Amino acid sequence: MSDCIFCKIVEKEIPATIVHEDDDVLVFMDIGPIIKGHALVIPKKHYDPVTETPDHVINKLFLTAKKIAAAQMNGLGADGVNIMQNNGKASGQEVPHIHVHVIPRFDGDGHHWNWNPKKYDDFDEMAELAHKLRKQL
Ligand code: AMP
Ligand code: ZN
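What you are looking at is a predicted structure, and each value in this text was computed from that prediction instead of being measured. Each chain carries its own residue numbering, running from 1 in the written order of its sequence. The naming scheme follows written order: chains are lettered A onward, ligands numbered 1 onward. Restriction of local features to residues with pLDDT of at least 70 applies here, the model being predicted, together with a cutoff of 80 or more for giving and counting side-chain atom pairs; totals for whole chains, interfaces and linings are based on all residues. Think of the side-chain values as coming from all heavy atoms in the structure, minus any hydrogens and water.

### A word on the packing of aromatic side chains
Each aromatic pair joins two rings of Phe, Tyr and Trp (for Trp, the six-membered one) with centres within 6.5 Å, and gets the label stacked for planes under 30 degrees apart, edge-to-face for over 60, and tilted for any other angle. For the coordinates displayed, the defined rule picks out 1 aromatic pair. Between the aromatic rings of F6 and F28, the centroid separation amounts to 5.3 Å while the plane-to-plane angle is 80 degrees, which identifies the pairing as edge-to-face. Residue F6 is found in helix α1 (residues 5-10), and its partner F28 is found in strand β2 (residues 25-29); the two are separated by 22 residues along the sequence. Each member of the pair F6 and F28 is classed as buried. Here a strand is any run of E in DSSP of at least two residues, a helix any run of H or I of at least four, and the numbering for each starts at the N terminus. Only protein chains enter the calculation, and the probe is 1.4 Å; a residue is then buried if its accessible area is under 20% of its type maximum, exposed if over 50%, and partly exposed in between.

The following block contains the structure:
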């Protein structure tokens, strides 16, 4: 994808601070870290969104994210890690090349997700949504 910023990073056409690279994936530091040490794991080949990405690529992305999470804990002293993956504008995705955010978290780091749990109207509403999901599986 010629106009994809992450493809350009893969091709080394624009700079990035690379943490890890192999035949399949590239890991580099997020330029706008939620918490310092925030890394992105991407496949070298362009895929998007997650539902269009082959299973073997998903496996590799998340196995790599697991390694990066361990590195953040062992190497940066993180107390926890957020692993996130956004799909579509509605989700807040800005770069349409599949990527996994691996964000180190430290006790008292001061970051709070704007996590605002809603309530279902009743049990039936929740069950109906679960039913719709089940039918697709
Ligand atoms: P998302 O909102 O899930 O699409 O996340 C895109 C992420 O890519 C953001 O966290 C950005 O800070 C990050 N990002 C965008 N451009 C670059 C770049 N050139 N180098 C490193 N990270 C980038
Ligand atoms: Zn791309």
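So, next bit.
### Some details on the site of ligand 1
Nearness is defined per residue: one heavy atom within 4 Å of the molecule or strand is enough. As a structural note, the neighbourhood of ligand 1 is formed by 16 residues, with D30, E94, V95, H99 and H101 the closest of them. Any pair of N or O atoms that falls within 3.5 Å is considered a polar contact. Within protein, one atom must be able to donate a hydrogen and the other to accept it, and sequence-neighbouring residues count only if both atoms are side-chain atoms. At 3.1 Å, a backbone N or O of I31 approaches a nitrogen atom of ligand 1. E94 is positioned with one of its backbone polar atoms (N or O) 2.6 Å from an oxygen atom of ligand 1. With the chains in place, 84% of the 510 Å² that ligand 1 exposes on its own is no longer accessible. Elements with a contribution of two residues or more to the shell around ligand 1: α1 and β2. Here the shell around ligand 1 takes 3 residues from α1, the largest share from any one element. Only Asp, Glu, Lys and Arg are considered charged in this grouping, and only Ala, Val, Leu, Ile, Met, Phe, Trp, Tyr, Cys and Pro are considered nonpolar; every other residue, Gly among them, is considered polar. Split into classes, the residues belonging to the shell around ligand 1 amount to 8 nonpolar, 6 polar and 2 charged. Each accessible area is a Shrake-Rupley estimate made with a 1.4 Å probe; only the visible protein chains count as cover when residues are assessed.

### Considerations on a negative patch on the surface
On the surface, D121, D122, D124, E125 and E128 cluster together into a patch of negative charge. Looking at the secondary structure, you find E125 in helix α3 (residues 123-136). Relative accessible area serves as the criterion here: at 31%, E125 is assigned to the partly exposed category. Patches draw on residues past 30% relative accessible area with no salt bridge. Two like charges within 9 Å are joined, as are two nonpolar side chains (Val, Leu, Ile, Met, Phe, Trp, Tyr) within 5 Å. Salt bridges are counted wherever a side-chain nitrogen of Lys or Arg sits within 4 Å of a carboxyl oxygen of Asp or Glu. Counted as positive: Lys and Arg. Counted as negative: Asp and Glu. His and the chain ends are not counted at all. A charged residue contributes its charge at one atom only: NZ of Lys, CZ of Arg, CG of Asp or CD of Glu.

### Points about the coordination of the zinc ion (ligand 2)
Octahedral metal centres with six donors ideally show angles of 90 or 180 degrees, and tetrahedral centres with four donors ideally show 109.5 degrees. Nitrogen, oxygen and sulfur within 2.8 Å of a metal are treated as its donors, or within 3.2 Å for sodium, potassium and calcium (Na, K, Ca); water is not counted, so a site can appear incomplete. Binding of the zinc ion (ligand 2) to the protein goes through C4 (SG), C7 (SG), H46 (ND1) and H97 (ND1), at separations of 2.0 to 2.3 Å. Under this scheme a four-donor centre is tetrahedral when all angles range from 85 to 135 degrees, a four-donor centre is square planar and a six-donor centre octahedral when opposite donors are above 155 degrees with the rest from 65 to 115, and any other centre is irregular. For the zinc ion (ligand 2), the 4 donor atoms are set out with angles of 106 to 116 degrees between them, so the coordination reads as tetrahedral. Taken in sequence order, the residues that donate to the zinc ion (ligand 2) follow the motif C-x2-C-x38-H-x50-H. The pair C4 / C7 is uniform in exposure class, with both members buried.

### Considerations on the pairing of strand β3 (residues 39-43)
With 5 of its 5 residues buried, β3 lies for the most part within the structure. Neither face of β3 is exposed, since A39, V41 and P43 on one face and L40 and I42 on the opposite face are all buried. As judged from the 5 bridges shared by β2 and β3, these two strands associate in the antiparallel manner. Looking at β3, one finds that V27 is bridged to V41. Here, strands pair whenever DSSP counts at least two bridges between them. Sheet topology places β3 next to strand β5 (residues 100-105); 3 bridges connect them, and they run antiparallel. Among the inter-strand pairings, V41 is bridged to a residue of β5, identified as V100.

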